Amino acid sequence: MEWLLYASAALVAAAFLLLSVYIARTLIVLQETLRRLAAAVSHADEQVQTVAKEVTQLLHTANSIAGDVQNKAEKLNHAVEAVNEIGGTVRSLNRALRQTAAALSARAGQGQEKWAKALRWANVLLDIWEKWREREQLRKKEGVPNGEK
């Protein structure tokens, strides 16, 4: 029975050896995986640092653009206010022109009556003169001097 004890001890030693070999191989694979993981984390850290720098530059650029847009918006507000004032001035000018035109039209209406009377009298005088001329020409043809018959 002693050989059974040696056989068991040999079997236990072989199992321990086999277990040690598998544990060693697992630790070697784990060590390689940890190395790769450390390299990946290092690479990811470098990329994060690069992205952080780019984001910082982008934020500075965005802030600069926002300030420029704000300045231009303020200038545009001044321009809009100036255009609004010009519009008010044009409206005031139009109102003044309408009032002046209405006043001139009213005065012209008053003067128009006077002109109409003057034109009527002028027409009457022209008619009288034409009639007088016709009579004079008729008298010259008939040979009557100075309106005597």
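Details of the structure are given in the entry above.
Everything quoted here is computed from the prediction, not taken from an experiment.

Peer 1: Describe the overall build of the protein chain, and please don't skip the residues or the numbers.
Peer 2: Of the regular secondary structure elements, the protein chain holds one helix and zero strands. For the protein chain, whose C-alpha radius of gyration is 60 Å, the value lies well above the compact-globule estimate of 15 Å for 149 residues. Put simply, the protein chain has 149 residues, and 0% of those count as buried. Of the accessible surface of the protein chain, which amounts to about 14,100 Å², a share of 64% is contributed by carbon and sulfur atoms. Side-chain charges in the protein chain split into 20 positive and 16 negative, and the spacing between the mean points of these groups amounts to 15 Å.

Peer 1: Before we move on, could you go through the pattern of salt bridges and cite the residues and values that matter?
Peer 2: The tally for this structure, following the rule as stated, stands at four salt bridges. Among the salt bridges present, the one from Glu32 reaches Arg36, with a minimum N-O distance of 3.6 Å. On the criterion of helical spacing, the pair formed by Glu32 and Arg36 is a turn pair, its members being four residues apart in helix α1 (residues 2-142). For Glu32, a relative accessible area of 33% gives the class partly exposed. One salt bridge connects Lys72 with Asp68, and the closest N-O pair in it is separated by 3.3 Å. Here Lys72 pairs with Asp68, and both are found in helix α1, just four residues apart, close to one helical turn.

Peer 1: Describe the environment of Arg95, with residues and values.
Peer 2: Here Arg95 shows up in helix α1. Overall, Arg95 belongs to the partly exposed group, its relative accessible area being 45%. In this structure the C-alpha to C-alpha distance between Arg95 and Lys114, which are 19 residues apart in sequence, comes to 29 Å.

Peer 1: I'd love a proper account of a nonpolar patch on the surface, names of residues and values included.
Peer 2: A grouping of Leu19, Ile23, Leu27, Leu30, Leu34, Leu37 and Val41 is seen on the molecular surface, where their side chains present a nonpolar patch of about 650 Å² in accessible area. One can find Leu27 in helix α1.

Quick notes on the rules
- Residues numbered from 1 in each chain as written.
- Predicted model: local features only at pLDDT ≥ 70, side-chain atom pairs only at ≥ 80, totals over all residues.
- Heavy atoms only, no water.
- Helix = DSSP H or I, 4+ residues; strand = E, 2+ residues; numbered from the N terminus.
- Rg over C-alpha atoms; globule rule 2.2 N^0.38 Å.
- Buried < 20%, exposed > 50% of the residue type's maximum accessible area, 1.4 Å probe, protein only.
- Areas by Shrake-Rupley, 256 points an atom, 1.4 Å probe, with all protein chains shown as cover.
- Lys, Arg positive; Asp, Glu negative; His and termini not counted.
- Charge placed at Lys NZ, Arg CZ, Asp CG, Glu CD.
- Salt bridge = Lys/Arg side-chain N within 4 Å of Asp/Glu carboxyl O.
- Patch = residues over 30% accessible without salt bridge, like charges linked within 9 Å, V, L, I, M, F, W, Y side chains within 5 Å.

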